[in-house]
Amino acid sequence: MKTTRSIFAISVTALTLLPIAAVMLTAMLAAITGCDVNESAPQTCQVLGVEIGGLLATLMATGWMALFLIPLVIVIALLWAVFEAGAYLYRRRRLRRLR
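Owing to the predicted nature of the structure, the values given are computational and were not obtained by experimental measurement. (Residues numbered from 1 in each chain as written. Predicted model: local features only at pLDDT ≥ 70, side-chain atom pairs only at ≥ 80, totals over all residues. Heavy atoms only, no water.)

A. Region of interest: the overall build of the protein. Across its full length, the protein carries three helices and two strands. Listing every helix and strand of the protein by position from the N terminus yields α-β-β-α-α. The C-alpha radius of gyration of the protein comes to 22 Å, more than 25% above the 13 Å expected for a compact globule of 99 residues. Each principal axis of the C-alpha atoms in the protein carries an extent, and together these give about 75 × 25 × 15 Å. Within the span of the protein, comprising 99 residues, buried residues form 17% of the whole. Counting contacts in the protein only where the partners sit at least 6 residues apart, residues at least 24 apart contribute 57% of the total. Positive and negative side-chain charges of the protein, numbering 9 and 4 respectively, have mean locations separated by a distance of 44 Å. (Helix = DSSP H or I, 4+ residues; strand = E, 2+ residues; numbered from the N terminus. Rg over C-alpha atoms; globule rule 2.2 N^0.38 Å. Buried < 20%, exposed > 50% of the residue type's maximum accessible area, 1.4 Å probe, protein only. Contact = heavy atoms within 4.5 Å. Lys, Arg positive; Asp, Glu negative; His and termini not counted. Charge placed at Lys NZ, Arg CZ, Asp CG, Glu CD.)

B. Quick look at the side chain of Thr16. Tracing the chain through its elements places Thr16 in helix H1 (residues 2-33). Setting aside residues no more than four positions away along its own chain, Thr16 makes contact with Leu69, Ile70 and Val73.

C. Highlighting the environment of Ala30. Take Ala30: it is sitting in helix H1. The spatial distance from the C-alpha of Ala30 to the C-alpha of Pro71 is 29 Å, given a sequence separation of 41 residues.

D. Quick peek at helix H2 (residues 53-61). Among all positions in H2, only Gly53, Leu56, Ala57, Leu59 and Met60 are buried. Buried residues in H2, looked at end-on, bunch into an arc of 165°, giving them a common side. (Arc of directions from axis to C-beta.)

E. Structural detail: the state of the cysteines. Evaluated as defined, the whole model comprises one disulfide. Two residues share a disulfide in this structure: Cys35 and Cys45, whose sulfurs sit 1.8 Å from each other. As the torsion about the S-S bond is roughly 65°, the Cys35-Cys45 disulfide counts as right-handed. Taken together, the residues span a long stretch of sequence, with Cys35 in the loop between H1 and strand E1 (46-47) and Cys45 in the loop between H1 and E1 at a distance of ten residues. Among the residues examined, Cys35 registers a relative accessible area of 15% and is labelled buried. Here Cys45 falls in the buried class, since its relative accessible area comes to 2%. (Disulfide = S-S within 2.5 Å.)

Next comes the structure, spelled out in structure tokens:
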């Protein structure tokens, strides 16, 4: 059961950090290639003959999902803490009855 809890916690945290990682990757790629990135419209950016301006603009725009995901994860974490506290108290009472 603890493995399931750990996998859940890691996956929720990873999904929350993905938009932030996408913005960081976009900024890094734009700095390396010397391209301008704008969220409102793709700018032309050629890398090895491939246009990646649209991809960079899309990745940069995904950063706005963090404004929704971070509060959602905080609520999930609080609910999870309440559930874990309730499970702990239930196990503790059950052990007392068995004695």
